[in-house]
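Fold and contact review
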Amino acid sequence: ASREQQILTSVPTDLLINGVWRPAQSGSTFAVIDPATGDELAQVADGTPADGIAALDAADAAAADWAATAPRKRGEILRRAFDLAIEHQEDLAVLMTIEMGKSLPEARGEVTYGAEFLRWFSEEAVRISGRYGRNPEGTGTAIVSHRPVGPCLLITPWNFPLAMATRKIAPALAAGCTVVLKPAELTPLTSLFLGSLLLEAGVPDGVVNIVTTTDSSGVGSALMADPRLRKVSFTGSTPVGKVLLKQAADNVLRTSMELGGNAPFLVFDDADIEAAVAGAMLAKFRNIGEACTAANRFFVHASVANEFASRLTAKVRELGVGRGTDDGVSIGPLINAAAVEKNAELVDDATSRGATIVTGGSAIDGPGTFFAPTVLTGIQPGTRLLREEIFGPVAAITTFETEDEGVRLANDTEFGLVSYAFTRDLARGHRLVDSLRSGMLGLNTGVVSNAAAPFGGVKSSGLGREGGLEGIHEYLDTTYTLIPAS
Ligand code: ADP
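Thresholds applied
- Residues numbered from 1 in each chain as written.
- Predicted model: local features only at pLDDT ≥ 70, side-chain atom pairs only at ≥ 80, totals over all residues.
- UniProt positions renumbered as here; feature names shortened; annotations may be inferred.
- Helix = DSSP H or I, 4+ residues; strand = E, 2+ residues; numbered from the N terminus.
- Buried ≥ 20, exposed ≤ 12 C-beta atoms within 10 Å, placed from the backbone.
- Pairing = 2+ DSSP bridges.
- Axes fitted to C-alpha atoms, helices over the stretch in contact; angles between N-to-C directions.
- Near = placed C-beta within 6 Å.
- Nonpolar A, V, L, I, M, F, W, Y, C, P; charged D, E, K, R; others polar.
- Core = buried A, V, L, I, M, F, W, Y, C linked by C-beta atoms within 7 Å.
- Contact = placed C-beta atoms within 7 Å.
- Expected span 1.5 Å × (residues − 1).

Within this structure's numbering, the places UniProt gives as "active site" (unreviewed entry) are Glu258. Tracing the backbone through its elements, the reader meets glutamate 258 in strand S11 (residues 254-258). C-beta crowding within 10 Å serves as the criterion here: with 27 such atoms nearby, glutamate 258 is assigned to the buried category.

Right, let's talk about the sheet that holds strand S22 (residues 476-484) for a bit. Read from one edge of the open sheet, three strands run S5-S6-S22, paired in antiparallel fashion. Here the strands that pair on one side only, and so sit at the sheet edges, are strand S5 (131-134) and S22. Between one strand axis and the next, the sheet turns through 20 degrees on average, direction left out of account. Bridge analysis of S5 against strand S6 (residues 140-148) gives four bridges, and the strand direction is antiparallel. Opposite tyrosine 132, over in S6, you have isoleucine 143 as the bridge partner.

Backbone geometry at valine 252 places phi at a positive 45 degrees, although glycine is not the residue there. Backbone geometry at asparagine 287 places phi at a positive 60 degrees, although glycine is not the residue there. Among the structural elements, asparagine 287 can be located in the loop between helix H10 (273-285) and strand S13 (295-301).

On to the site of the ligand, then. For the ligand, the set of nearby residues contains 14 residues, the closest of which are Ser216, Ser217, Gly220, Gly236 and Ser237. Of all the elements in the fold, those that place two or more residues in the shell around the ligand are helix H8 (216-224) and helix H9 (238-251). Per-element tally for the shell around the ligand: the top contributor is H8, with three residues. For the shell around the ligand, the class distribution of residues is six nonpolar, six polar and two charged.

All right, on to the nonpolar core then. Leu78, Val179, Ala280 and Leu376 are the most contacted members of the largest nonpolar core, which has 150 residues in total. In terms of residue count, the dominant contributor to this core is helix H6 (residues 163-175) (nine residues). Those residues in contact with leucine 376, other than ones at most four positions away along the chain, are Val347, Ala350, Ala355, Thr356, Ile357, Val358, Val394, Ala395, Ala396 and Ile397.

Moving on, we get to helix H2 (residues 49-68). Between its first and last C-alpha atoms H2 spans 29 Å; for 20 residues at 1.5 Å apiece the expected length is 28 Å, and the two agree. Of the residues making up H2, those classed as buried are Asp51, Gly52, Ala54, Ala55, Leu56, Ala58, Ala59, Ala62, Ala63 and Trp66. Buried residues in H2 make contact with strand S1 (15-17), strand S8 (179-182), strand S9 (208-210) and H8.

This paragraph deals with the UniProt feature "domain: Aldehyde dehydrogenase" (unreviewed entry) in the chain. Under the local residue numbering, the UniProt record ascribes the feature "domain: Aldehyde dehydrogenase" (unreviewed entry) to residues 21-479. Secondary structure content for residues 21-479 is 39% helix and 20% strand, and the end C-alpha separation is 37 Å.

Ordered in space as S14-S17-S18-S13-S12-S19-S20, the seven strands form an open sheet in which the pairing is mixed. Looking at strand neighbours, the two that pair on one side only are strand S14 (356-359) and strand S20 (440-443), the edges of this open sheet. Pairs of neighbouring strands in the sheet enclose a mean axial angle of 25 degrees, with direction left out of account. For strand S12 (residues 263-267) and S13, the ladder comprises five bridges, and the chain directions are parallel. The partner of valine 267 across the bridge, within S13, is valine 300. Strand contacts of H10: S12, S13, strand S18 (394-400) and strand S19 (418-422), with the helix running at about 160 degrees to S19, the strand carrying the most contacts.

This is the structure:
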């Protein structure tokens, strides 16, 4: 506990505007709660729309100099930020665990993953290049190049407090953009700590600004309507993404939208069942199931469904539940009471339509917002959790008979972020690459995220890609110049 106190004391709790930490103009603060205990961890500044505009003033004022800063220098600052994040891995991990709930080992993993965006884009900063060539008519020379889009608003969710921030900040800075980060109000501490590391790494004043607030729609609307803003990058729910897309239309903003998921997890009759169960544990129970990439619907070939369900259940019963800092815990609390309520409702809906609870199935009493890791079988058509994102430790298993049926069930959703499939048939694997309608596919693996890969979805799961070679282009405009032959 004293270690936690020490870390909490080192976290800034004010707004970061133009390189300076300062309170909200209203003087108001709000509480950050430990979901494992209900205890208050800290009070942080509750920014107003005027604070948001002050942050945009700073981002706008810093934009020209940052865009003109040598790419190598931008890269070196990001590389220093990577080194600092790794140096402070334990501090960041403990902070995430206590404000979000995930287990400490998973939080350490998120630091490795989240920091990697800083390193990856430190390397990409110097590789922004264009094209030069004769036009088809032979009458001139065409030059295609890229430049930063300008000030960006970055809105992040609470489930991956570090990685969602670095996945946006790193490519923006590498591209030469300045940013205003609006972290989730449930988990602002990790972002604020990251802000202090970025300043230490040498990020100039105004290049990264952070506005914490309970008035996300007020602050968001004020920035979205300001013509100096040129881009919004959002990770969160589909309904909020739609609101932001409508606001973006009025100001003709570039957008990147990482929205909800409803990932299918297919297990074919030729799958390595042990590997499929291991993949399912990761795809479903990592991050307490609170991931947009979480397996939401398990479709298992009828001939292997019993074996898969019983082996999965055995593993689920071994999961340690508790505060994420305690030894042996892999399932921490859900983020809040509303999340517990939603999981309970979805399980009740499934059982009322004929599903069977094999293990778990309900909230756990006591302080904190815990839900027991759950396996359900016999999910019937029409069940809500086939349509809605569960965002919790609930595995729902349905059976299928043929590949066509499995694929049809998998694609029967408005979402399309990621799919998982386990098969030892190479030809089938290749067919699935084309037939599954999602932006990403884990073929015989339960985790796809990597800083070097283009993360993103199709349909209601969003627009644009983060990470990889693609990620930096979300923050770059393309320009074209024609020079007639003389
Ligand atoms: P979740 O279900 O993960 O909480 P949300 O979409 O509600 O997802 O929240 C994701 C992020 O979007 C958070 O930072 C939240 O504060 C922010 N947010 C929520 N509503 C709005 C809004 N109307 N305008 C701008 N940001 C918003």
